[in-house]
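As a plain string of letters, each chain reads:
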Amino acid sequence: MIDFTNATYVKLGAWDPQAASGELAEVMGQNEQILLAFKGMRDSVTFTTKRIIALNVQGMTGKKKDYTSLPYGRVQAFSVETAGSFDLDSELDLWFSGLGKVRLEFNRGVDIRGLGQLLADYCLS
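Now for a look at the structure at hand. Remember, it's a predicted structure, so these values are computed and weren't measured experimentally. (Residues numbered from 1 in each chain as written. Predicted model: local features only at pLDDT ≥ 70, side-chain atom pairs only at ≥ 80, totals over all residues. Heavy atoms only, no water.)

### Some thoughts on the environment of Leu88
- Looking at the element boundaries, Leu88 is found in the loop between strand 6 (75–81) and strand 7 (90–96).
- According to the relative accessible area criterion, Leu88 is partly exposed, its value standing at 43%.
- Between the alpha carbons of Leu88 and Phe106 there is a distance of 9.1 Å; along the sequence they are 18 residues apart. (Helix = DSSP H or I, 4+ residues; strand = E, 2+ residues; numbered from the N terminus. Buried < 20%, exposed > 50% of the residue type's maximum accessible area, 1.4 Å probe, protein only.)

### Overview of the nonpolar core
- Counting residues in each nonpolar core, the largest one holds 20 residues, and the members touching the most others are Phe47, Ile52, Leu92, Leu94, Leu104, Phe106 and Leu119.
- Among the secondary structure elements, those contributing two or more residues to this core are strand 3 (44–48), strand 7, strand 8 (100–106) and helix 2 (112–123).
- Excluding its chain neighbours within four sequence positions, the residues that come into contact with Ile52 are Val45, Thr46, Phe47, Thr68, Ser69, Leu70, Tyr72, Leu94, Phe96 and Leu119. (Core = buried A, V, L, I, M, F, W, Y, C linked by side-chain atoms within 4.5 Å. Contact = heavy atoms within 4.5 Å.)

### Focus on the sheet that holds strand 3
- The strand order 5-4-3-2-1-8-7-6 describes an open sheet built from eight strands, whose pairing is mixed. Taken across any chain shown, the strands that pair with only one partner, and hence form the sheet edges, are strand 5 (64–71) and strand 6. For this sheet, the mean inter-axis angle between neighbouring strands, taken without regard to orientation, is 25°.
- Sheet strands in contact with helix 1 (residues 17–24) are strand 2 (34–39), strand 3, strand 4 (51–58) and strand 5, and its direction is about 90° off that of strand 2.
- Sheet contacts for helix 2: strand 2, strand 3, strand 4, strand 6, strand 7 and strand 8; angle to strand 6, the most-contacted strand, approximately 165°. (Pairing = 2+ DSSP bridges. Axes fitted to C-alpha atoms, helices over the stretch in contact; angles between N-to-C directions.)

### Observations concerning the side chain of Arg51
- Residue placement: Arg51 occurs in strand 4.
- We classify Arg51 as buried; its relative accessible area is 16%.
- In contact with Arg51, other than residues within four places in its own chain, are Val27, Met28, Gly29, Glu32, Thr46, Ser69, Leu70, Pro71 and Tyr72.

### Here's the deal with the side chain of Ser90
- Note that Ser90 resides in strand 7.
- Residue classification places Ser90 among the buried positions, given a relative accessible area of 3%.
- Sequence-distant contacts of Ser90, defined by excluding residues within four places in its chain, comprise Glu81, Thr82, Ala83, Leu104, Glu105, Phe106, Asn107, Val110 and Ile112.

### Side note on the pattern of salt bridges
- Scanning the entire structure with this criterion turns up seven salt bridges.
- Salt-bridge contacts for Arg103 lead to Asp93; the nearest nitrogen and oxygen are separated by 2.7 Å. One end of the pair, Arg103, is in strand 8; the other, Asp93, is in strand 7, and 10 residues separate them in sequence.
- By relative accessible area, Arg103 is classed as partly exposed at 22%.
- What emerges from the salt-bridge pattern is a single network uniting Glu91, Asp93, Lys101 and Arg103. (Salt bridge = Lys/Arg side-chain N within 4 Å of Asp/Glu carboxyl O.)

### Points about the pairing of strand 8
- With two bridges connecting them, strand 1 (residues 11–14) and strand 8 associate as parallel partners. Pairing of Leu12 across the sheet is with Phe106, part of strand 8.
- Across seven bridges, strand 7 lies against strand 8 in antiparallel orientation. Looking at strand 8, one finds that Glu91 is bridged to Glu105.
- Linking strand 7 to strand 8, which pair antiparallel, is a turn of three residues; within it Gly98 sits at a positive phi near 85°.

Given below as structure tokens:
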């Protein structure tokens, strides 16, 4: 499992949902659809209609993969921080019951406010 207690997961940029779909096809539910996807160097975080999937690619070859499922129903709170003049990254903090805080950092240009709206739609209903 990914060590989310280590303050930051990965620096993420936009990822093509089609590419994410191919990478996650084996772990997606029948009626589950990808809403937004973000990728770092090797790892990724994908927001679906049912959950957040964090993919941690391990080892030298990258053949070993850890898929961590974070259901929206377990989110107790979330916070979005936009990029500033000197701090070029935006951040998303999520607090999960039973897991604690997960911080995701995004490259400049990611629509963090839109991500906040997505979370409001799926976590607050």
